[in-house]
Amino acid sequence: QPGVMACKRGALIVLEGVDKAGKTTQCNKLVQALQQSGRPVEMMRFPDRTTTIGKLISAYLEKKSDLEDHTVHLLFSANRWELVPLMKKKLEQGTTLVVDRYAFSGVAFTSAKPGFCLDWCKQPDVGLPKPDLVMFLQLSPAEAALRGQFGEERYETSVFQRTVQQKFEQLMKDPSVNWQVIDAAQGVDEVHKDITNYSLNAINIAQNLPLGEL
Ligand code: DGP
């Protein structure tokens, strides 16, 4: 229609990786860089601990409560689903979303527990908005250990993180997801440069594509 400007959608960009890989630092730097270049962008993180479901998850991670493993998996997924309407609205308005962890963390962390298969873990997240780009911040367990002690939260042990890393490696074999591996052992600025390049490319490509589904 002449005279009607179609708003180009924003890109859904996700950063994944094991604990201590630098996801949060890099999400912040990416958001800042995109803002400075005049692009509409917002950061999100999962779990979002501010919602009612998020508070249950937060108490669980802080070991203030115990929850059955399937139950907690479904809560993490529900926490993503409850933000889908907002995410879709922002993307449609042209805002790029930079997301600190997403469904891949969900699958990697639960399937690292005994008795959980990858396929069962994936099911609750089927249908979520599919990221245009998932960057995996790759850091070996040895390098992660050099970055200091793990915290006090659940999952923060080197044995568990090693299993999580293996699960991520299995997930990265899925060719239907645009995975890019980033060497997180580089300096902060080098990592940032890589992430910015992949993101600018993804933003350009996403403009002309419909949003997919996991
Ligand atoms: P943080 O990213 O620092 O807010 O920590 C969140 C912790 O929860 C981290 O250890 C990874 C883990 N996690 C994130 N998403 C999920 C999920 O969907 N399922 C499970 N089981 N764990 C998750």
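Because the structure is predicted, anything quoted here is derived from the model rather than measured.

Asks: Tell me about the overall build of the protein chain, and please be specific about residues and values.
Replies: Within the protein chain, the regular secondary structure consists of nine helices and seven strands. For 214 residues, the compact-globule estimate of 2.2 N^0.38 gives 17 Å, and the protein chain sits close to it at 17 Å. Taken along its principal axes, the extent of the C-alpha atoms in the protein chain is 60 × 35 × 30 Å. A fraction of 81% describes how many contacts in the protein chain between residues 6 or more apart in sequence connect residues 24 or more apart. On the protein chain, roughly 10800 Å² of surface is accessible, and the fraction owed to carbon and sulfur atoms is 54%.

Asks: Describe the sheet that holds strand β3 (residues 96-100), listing the residues and the values that go with them.
Replies: The strand order across the open sheet formed by five strands is β2-β3-β1-β5-β6, and the pairing between neighbours is parallel. One side of each edge strand has no neighbouring strand; the edge strands of this open sheet are β2 (41-45) and β6 (179-183). This sheet shows a mean twist of 20° between the axes of neighbouring strands, independent of strand direction. Sheet topology note: the strand β1 (residues 12-17)/β3 ladder contains four bridges and is parallel. Its bridge partner lying in β3, Leu15 is registered against Asp100.

Asks: Got a sec to walk through the side chain of Ser199? Specific residues and values, please.
Replies: By the secondary structure assignment, Ser199 is in helix α9 (residues 188-206). Given a relative accessible area of 0%, Ser199 falls into the buried group. At 2.7 Å, the side chain of Ser199 forms a polar contact with the backbone oxygen of Ile195. Once you skip the residues sitting within four places of it in the chain, Ser199 turns out to touch Ile13, Leu30, Leu133 and Met135.

About the criteria used
- Residues numbered from 1 in each chain as written.
- Predicted model: local features only at pLDDT ≥ 70, side-chain atom pairs only at ≥ 80, totals over all residues.
- Heavy atoms only, no water.
- Helix = DSSP H or I, 4+ residues; strand = E, 2+ residues; numbered from the N terminus.
- Rg over C-alpha atoms; globule rule 2.2 N^0.38 Å.
- Contact = heavy atoms within 4.5 Å.
- Areas by Shrake-Rupley, 256 points an atom, 1.4 Å probe, with all protein chains shown as cover.
- Pairing = 2+ DSSP bridges.
- Axes fitted to C-alpha atoms, helices over the stretch in contact; angles between N-to-C directions.
- Buried < 20%, exposed > 50% of the residue type's maximum accessible area, 1.4 Å probe, protein only.
- Polar contact = N/O pair within 3.5 Å; in protein donor to acceptor, adjacent residues only side chain to side chain.

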